[in-house]
Amino acid sequence: MTAEDTKLMMGTVAHLTVRTDEIASQAALRDGLAVLTQTERDADGATLAAMEAAAGTGAWTEVSPALYETLRLAQEVAHRSGGAFDVTAGALTELWERARAEKLPPSAEEIAAARARVGCAALELRAVEEGGQTRYEARLMKAGMKMDRGALIKGLALDGIRSTWQNEGITNALADLGTSSILGMGVNAEGAPWQIGIRNPRGEGRADLLTVVSLSNEVLSSSGDDERFFLCEGRRYHHLIDPRTGNPAERGLASATVVLPMEGAGEWQGHMGLLSDMLSTAIFVLGAEEGRKLLADFAGARLILVGTDGQLIEE
Ligand code: ADP
Ligand code: MG
Ligand code: MG
C-alpha cells in the first residue's frame, strides 16, 4: 500500500510517499508533513533574529541544543570549504535577493560592504555548564551580520522526517522537498531503489533529464543556477553566492548534486540530510575540482555535476 501527500513548503512543492500498511502510512505522512511545518515555523527563526539584533554588541543569545548542533556543523562545513559555504552569508544573499527583484546587480561598493558583514569566524558558539545543566549560546561578532539557513533548511527537514519515520518503523518511503533535497528509504513499489531524475539546468522544463540516480537509504541534495536568477545586459545572475567574492559563483557548474548514506557516522550521524544540503551548495560554489576534494572526506558519497554548457561532467 502506497500513500502520498504533497504540500507547498519552503517555496516549493514537498512530496512525501510512504509504503507500508494503510494506517501506518497515513500516520507517517501526517507526521512527516508536521516536521516540515515545524521546520518552517520553528522557534529557531526567532532565536536567529535575536542573534542578529545583538550582533556586534558582544552579548550572547541562548540557543536550543538542536540549533547549537546545526550551527556547529554549519561552521564545520564553512571551515572545510574555505568559506564557500557560509551560514552567516545573509548580508550578501539579501543584497542579491534585492538585486533579483530589481533586475539590477548591486554596485561593487554595496558588495564590499555586505561582504564585510559575512564570515563564520565571527560566529561564536559556547556550551556553559551551570548547576549540572548545559546552556548553549551563540553570538555574532560584527554589527549587521545576518544568518541565512536557505542552503541547509531542506536537508535539516529531511533529518527530522527520517528520524520520525524510523521511530515509527517505516522502512520504505520517499520524501522529496521540491527535488532539491530528497530522502529515499528502502525500496519503491517495484521493489527497486527509488529513481531520481537529474534535470538539465539548461534544458526545456522539468522532464528534460540528463541521468537517473538510484537512492537506497540515501539522501540527495542539489544546488543549481537555474532556480532563481535574473538576466541583466545579457548576463545571468543566480542565487548561489560565493562569499569570497560577493558575486554569484562562477566555477563552471550549472548544478551540483550530492548523494550520501542516510545514516552517517561520528558527529554526522543523524545529520546527513543537513550535510548533503550544505555540501551541494559548497560544491557548486567551489567548482568540480575543489568540490571533489571536499567530498572525498565523506564515506559513501556520490557526486553528479552538470557544467554551464548543460553537459553531465562524468566522474
Ligand atoms: P535550494 O534552494 O534548491 O535548496 P541550496 O541548498 O543551494 O538550494 O540553497 C540556496 C540558498 O542558500 C540561497 O537561496 C541562499 O539563501 C543561500 N546561499 C546562497 N549562497 C550561499 C553560500 N555560499 N553559503 C550559504 N548559503 C548560501
Ligand atoms: Mg538546499
Ligand atoms: Mg544546499
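Predicted model only: the values in this text are computed from it and were never measured. (Residues numbered from 1 in each chain as written. Chains lettered and ligands numbered in written order. Predicted model: local features only at pLDDT ≥ 70, side-chain atom pairs only at ≥ 80, totals over all residues. Heavy atoms only, no water.)

Asker: Looking at this structure, how should I read the site of ligand 1?
Answerer: In the vicinity of ligand 1 lie 19 residues, with Asp-148, Ser-223, Ile-241, Asp-277 and Thr-281 positioned nearest. The backbone of Asp-86 places a nitrogen or oxygen atom 3.0 Å from a nitrogen atom of ligand 1. Between Asp-148 and ligand 1, the recorded distance is 2.6 Å, taken from a side-chain N or O atom to an oxygen atom. When isolated, ligand 1 has an accessible area of 570 Å², and the protein chains bury 96% of it. For the shell around ligand 1, a count of residues per class yields six nonpolar, seven polar and six charged. (Near = heavy atom within 4 Å. Polar contact = N/O pair within 3.5 Å; in protein donor to acceptor, adjacent residues only side chain to side chain. Areas by Shrake-Rupley, 256 points an atom, 1.4 Å probe, with all protein chains shown as cover. Nonpolar A, V, L, I, M, F, W, Y, C, P; charged D, E, K, R; others polar.)

Asker: For this particular structure, what's the right way to read the packing of helix α7 (residues 272–286) against helix α8 (residues 288–295)?
Answerer: Each pair of packed helices can be described by the angle between their axes along with the distance between the axes. Relative orientation of the contacting elements α7 and α8 amounts to 145°, with a least axis distance of 7 Å. Residue-level inspection shows Leu-279, Ala-282, Ile-283 and Leu-286 of α7 in contact with α8, the latter providing Ala-288, Glu-290, Gly-291, Leu-294 and Leu-295. Class assignment for the residues of the contact of α7 with α8 results in seven nonpolar, one polar and one charged. (Axes fitted to C-alpha atoms, helices over the stretch in contact; angles between N-to-C directions. Helix = DSSP H or I, 4+ residues; strand = E, 2+ residues; numbered from the N terminus. Contact = heavy atoms within 4.5 Å.)

Asker: Can you walk me through the packing of helix α6 (residues 153–167) against α7 in this structure?
Answerer: One can describe the packing of α6 onto α7 by two numbers: an axis separation of 6 Å at closest approach and a directional angle of 165°. Classified by the angle between their axes, α6 and α7 sit roughly antiparallel to one another. Here α6 runs over α7; the crossing is right-handed. Of α7, the residues touching α6 (which contributes Ile-153, Lys-154, Gly-155, Leu-156 and Asp-159) are Met-272, Gly-273, Leu-274 and Asp-277. (Parallel < 35°, antiparallel > 145°, perpendicular 65-115°, else oblique. Left-handed = near helix turned anticlockwise from the far one by under 90°.)

Asker: What is the right way to read the sheet that holds strand β1 (residues 2–9) from this model?
Answerer: Strand pairing in a sheet takes place through backbone hydrogen bonds and is either antiparallel or parallel in direction. Taken in spatial order, the eight strands line up as β1-β2-β6-β7-β10-β15-β16-β17 in an open sheet, and their pairing is antiparallel. Across the chains shown, the open sheet's two edge strands, defined by having one partner strand only, are β1 and β17 (312–313). Bridge count for strand β16 (residues 302–307) against β17 is two bridges, and the pairing is antiparallel. Within β17, the position partnered with Val-306 by the bridge is Leu-312. Of the strands in this sheet, β7 (181–185), β10 (218–224), β15 (253–261) and β16 are in contact with α7, which crosses β15 at around 155°. (Pairing = 2+ DSSP bridges.)

Asker: Help me understand the coordination of the magnesium ion (ligand 3) in this model?
Answerer: Ideal values for angles at a metal depend on the geometry: 109.5 degrees with four tetrahedral donors, 90 or 180 degrees with six octahedral donors. Distances from the magnesium ion (ligand 3) to its protein donors, Ala-151 (O), Asp-277 (O), Asp-277 (OD) and Thr-281 (OG1), fall within 2.1 to 2.7 Å. All donors of the magnesium ion (ligand 3) belong to a single chain; written as a sequence motif, their spacing is A-x125-D-x3-T. For the pair the magnesium ion (ligand 3) and the magnesium ion (ligand 2), the metal-to-metal distance amounts to 3.2 Å, and Asp-277 bridges them. On the criterion of sequence distance, the pair formed by Ala-151 in the loop between β5 (133–140) and α6 and Asp-277 in helix α7 is long-range, its members being 126 residues apart. (Donors = N, O, S within 2.8 Å, 3.2 Å for Na, K, Ca; no water.)

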